[in-house]
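# Structural characterization, general
In case you want the letters, here they are:
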Amino acid sequence: MSDNRATVTKIYEAPRGKGGGNQVAVEFVLAARVPTGNHYRDEELHLWTFNEHGQVTRLRHYTDTAKHIAAAIPARAARI
């Protein structure tokens, strides 16, 4: 059984109309155990941009990188 999971909490779609309607934001909670054995939980956001054909042209990922870095440090090294 895996300790890793992501749960979507909200989806926001830009209003359709003049100059808009080509972006969707997805807010989610990510809980993961990394190879160091450490565990972290983070609220993250993906901002998807689409072209006129509905194809993804851009993905921006917003996260707390400090949490990811701290989780990546092995417990022994973190105590030094």
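Predicted model, so just to flag it, every value in this text is computed and none were measured.

Parameters at a glance
- Residues numbered from 1 in each chain as written.
- Predicted model: local features only at pLDDT ≥ 70, side-chain atom pairs only at ≥ 80, totals over all residues.
- Heavy atoms only, no water.
- Helix = DSSP H or I, 4+ residues; strand = E, 2+ residues; numbered from the N terminus.
- Buried < 20%, exposed > 50% of the residue type's maximum accessible area, 1.4 Å probe, protein only.
- Contact = heavy atoms within 4.5 Å.
- Areas by Shrake-Rupley, 256 points an atom, 1.4 Å probe, with all protein chains shown as cover.
- pLDDT = per-residue confidence, 0-100.
- Polar contact = N/O pair within 3.5 Å; in protein donor to acceptor, adjacent residues only side chain to side chain.
- Pairing = 2+ DSSP bridges.

Attention shifts here to the overall build of the protein. Each helix and strand counted, the protein has two helices and four strands in total. Here the protein holds 80 residues, and 20% of them are scored as buried. The contacts in the protein between residues at least 6 apart in sequence include a share of 31% that link residues at least 24 apart. Carbon and sulfur atoms make up 56% of the accessible area of the protein, which totals about 6100 Å².

Within the secondary structure layout, His-39 lies in strand S3 (residues 39–50). Residue His-39 is classed as partly exposed on the basis of its relative accessible area, which comes to 41%. For the pair His-39 and Ala-70, spaced 31 residues apart in sequence, the C-alpha to C-alpha distance is 9.7 Å.

All right, on to the environment of Ile-73 then. Within the fold, Ile-73 resides in the loop between helix H1 (65–72) and helix H2 (75–78). Between the alpha carbons of Ile-73 and Val-34 there is a distance of 9.7 Å; along the sequence they are 39 residues apart.

Caution is warranted with low-pLDDT regions, since their predicted coordinates should not be read in detail. For the protein, per-residue confidence averages 81 on the pLDDT scale, and 80% of positions sit at 70 or higher. Per-element confidence in the protein ranges from a low mean pLDDT of 55 for H2 to a high of 94 for strand S4 (residues 56–62).

With that out of the way, let us pick up the side chain of Asp-42. Structurally, Asp-42 can be placed in strand S3. Judged by its relative accessible area of 3%, Asp-42 falls in the buried class. A distance of 3.2 Å separates the side chain of Asp-42 from the backbone nitrogen of Asp-64, its partner in a polar contact. Those residues in contact with Asp-42 that sit more than four places away from it in its chain are Phe-28, Val-29, Leu-30, Thr-63, Asp-64, Lys-67 and His-68.

Turning next to the pairing of S3. Inspection of the sheet shows strand S2 (residues 23–33) paired to S3 by eleven bridges, in the antiparallel sense. Along S3, the bridge assignment pairs Ala-32 with Tyr-40. Linking S2 back to S3 in an antiparallel pair, the connection comprises five residues, with Gly-37 at a positive phi of about 95°. One ladder, built from six bridges, connects S3 with S4; its direction is antiparallel. Counted as the bridge partner of Leu-47 is Arg-60 from S4. Counting the residues that bridge the hairpin from S3 to S4 gives five residues, and of these Gly-54 lies at a positive phi of roughly 80°.

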